[in-house]
Every structure is written in C-alpha cells, then in structure tokens.
Amino acid sequence: PGTGNLTMQLLETCARVVAIELDTRMVLELQRRVAASPYASKLTLISGDVLRTELPYFDLCVANIPYQISSPLIFKLLAHRPAFRAAVLMVQREFAMRLVAKPGESLYCRLAANTQLLARCSHLLKVGKNNFRPPPKVDSSVVRIEPRNPPPPVNFTEWDGLVRLCFSRKNRTLGAIFKTNAVLDLLVRNAKLVQALGLGKANNASNATSGLEAMMAADGDGDGDDGMAADDDEEMAEATTGTGSKGGKASKEERDQVREKAIRVLNSAGNYEDKRSAKLSNEDFLALLAAFNAEGLHFSG
C-alpha cells in the first residue's frame, strides 16, 4: 500500500480490501489515514512479507509491486486457490514486455511461456518514469493477468523441466539441445528413476496440477541466446540443475539409445528437430511434453 493512495481509491469502490505491507512505518501511516475516513471497517491490513503470507480469498488483485519480487509474486498469485478473477499489476516495463511476449519476438522467454500457460496476459499501458516523484531510472507498465480456470491438465514439474531446457539456449535448434551429453544424462537418470518407482502416464495424469512451486521460482532471466559457448556440456549441465534426479554420467550406450529416442520424438511430434524454442508456442511445448512422456522420457525425477 505504501502511503495508501491506491488503497483509499479502492476502499471507495470495493466492499472489502485486504492490503499487505512489509514496511511497518507505512502500516502505521495507512492505519492513521484510514482511521480518519469512513472506510475503516472495509480494510484488513496485514503487516508482513507478501511472499511469506498465506493469502486469504480474493477476487481481484491491484498492486504496484517491486521489480525484484515480480516473478515469484505472480506465480504465487497463480498458485492461489480458489482462482481469482484478474490481477492488474504495475511492474517494470522490461519485465512486462517479457511477460506478454509472443513466440518469435525477441523478448519471448521461459517467463512468458510459463505465465501464459497459466493465464491470459495483456499489456494495458505504459507509465513513464516522470510520473513518479522522485522519478525512478526505468519506465513501468500496467499488465492484466487472468488465470485460466481450470488450469491446464499438465504436470507442472515436467513442464518446467522441459521449458527450462529448451530456453537455456532459445535460439539453438531443439535437435542440438537434445544431443548434448548433459541433457542425455538427465533423461537417462530420470527414465531410470521413473521406472524404478513404477511411475509413468498414470502418475502424470494423477499429478496434473502438482509441481507448480517449481514455476514460482521462474523468472526467465536464464534464457540464453545463440552465442558461442566455451563448453556446451557445461552450459547445459547448469541448465539441467533442478530439473531432475542427480547422479553420475550415463554410459555411451545409454546416451546413444536416449539420443535416438529423443530425436525420433522431435521428428514424429511435428518436425521439431530443426526448430528453435524462441519460435515455439505453448501448444508446441505441450505436444512435445506429451510425446516425450509417452516414450518414457521425463524432465523431473
């Protein structure tokens, strides 16, 4: 809420407002301001960190949020149940443009893919830095986020593992990504773990909405370009961190078998071997995930 300018406007039109503020000085300021108004009974003021607070039921979210918590807060909101109707948020402009970017655009990234899987995102207006006192160093934008309800029937841990890999070098072909030893080692380890635990298609279906917390930490900043890397395997090993089980390197035979299977999936699912993540839609990623899982290849373990 800060000093409460937006909160007071909301209190004039809303039946109830729940406000969360970390700064205790601002909490006291808002309490004094509301106490002198006819809206005191409408306001529930929570003092604390919004990322650590269990959110109550809400229908609409309106906020000007700090850039450093924009991504985790948005995914916290999208994980909230029951789903809210819409959120109108002011964020740093660059973040907003990445949030609403479409396949083929330069700012299209893992953040865009993950958010747009769960919600419809639209850019409402640009807010220039000179509208603030003192003016910040960057411009802001207002975005609207409407959750998809019900959420898509996908295992979000598997989804995020696939998208993380693909966007680690978003302008490289999928064929090149799935031929790196680090990715092959990951697929071998995960396949062994899934087989050992007796998991498979039934597990994916029964856990369709599991693993959303994996996406809450996604900010898309790890998306790579197509520049030359000193060591592709080292780079991809870093990208696979957190996407599956840990273990040693696979044997050459195991890598060859999984490589052949992965390339077959890429080609049979829609000639994806020569395509790049930067131009793939969420429908493409969903089709790929289903095809990989059907062949026993998994991105979480």
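Here we summarise the structure given alongside this text. (Residues numbered from 1 in each chain as written. Predicted model: local features only at pLDDT ≥ 70, side-chain atom pairs only at ≥ 80, totals over all residues. Heavy atoms only, no water.)

Thoughts on the overall build of the protein
Here's step 1: In terms of helices and strands, the protein carries 13 helices and 6 strands.
Here's step 2: Looking at the protein residue by residue over its 301 residues, the buried ones come to 46%.
Here's step 3: Here the protein has roughly 15200 Å² of accessible surface; of this, 51% comes from carbon and sulfur atoms. (Helix = DSSP H or I, 4+ residues; strand = E, 2+ residues; numbered from the N terminus. Buried < 20%, exposed > 50% of the residue type's maximum accessible area, 1.4 Å probe, protein only. Areas by Shrake-Rupley, 256 points an atom, 1.4 Å probe, with all protein chains shown as cover.)

Some thoughts on the side chain of K170
Here's step 1: Mapped onto the fold, K170 is located in the loop between α6 (156-168) and α7 (174-177).
Here's step 2: Assessed through its relative accessible area of 10%, K170 is described here as buried.
Here's step 3: Within the structure, K170 has its side chain in polar contact with the backbone oxygen of Y108 (distance 2.7 Å). (Polar contact = N/O pair within 3.5 Å; in protein donor to acceptor, adjacent residues only side chain to side chain.)

Overview of α6
Here's step 1: Across its 13 residues, α6 extends 18 Å between first and last C-alpha, which sits within 8% of the 18 Å expected from 1.5 Å per residue.
Here's step 2: Counting buried positions along α6 yields 11 of 13 residues, so the element is predominantly enclosed.
Here's step 3: Looking only at α6, the buried set comprises F156, E158, W159, D160, G161, L162, V163, L165, C166, F167 and S168.
Here's step 4: Capping the start of α6, N155 holds a side-chain oxygen 3.0 Å from the backbone nitrogen of T157, two or three residues further along. (Expected span 1.5 Å × (residues − 1).)

A word on the pairing of strand β1 (residues 17-21)
Here's step 1: By the alternation rule, side chains of β1 split into V17, A19 and E21, which are all buried, and V18 and I20, of which none is buried.
Here's step 2: Across 5 bridges, the pairing between β1 and strand β2 (residues 43-47) is parallel. By the bridge assignment for β2, V18 is matched with T44.
Here's step 3: In terms of handedness, the path from β1 via helix α2 (residues 24-35) over to β2 forms a crossover that is right-handed. (Pairing = 2+ DSSP bridges. Right-handed = clockwise from strand over helix to strand, strands pointing away.)

Notes on the packing of aromatic side chains
Here's step 1: Per the stated rule, a full pass over the model turns up 8 aromatic pairs.
Here's step 2: Where Y108 meets F167, the ring centres are 5.5 Å apart and the plane angle is 75°; that geometry is what we call edge-to-face. Placement of the pair is Y108 in the loop between α4 (93-100) and α5 (110-118) and F167 in helix α6, with a sequence separation of 59 residues. One exposure class covers both Y108 and F167, and it is buried.
Here's step 3: On the basis of an interplanar angle of 20° and a centroid distance of 5.0 Å, the ring pair of F178 and F292 is categorised as stacked. Placement of F178 in the loop between α7 and α8 (181-197) and of F292 in helix α13 (residues 282-294) is noted, with a sequence separation of 114 residues between them. (Phe/Tyr/Trp six-rings, centres within 6.5 Å; stacked < 30°, edge-to-face > 60°.)

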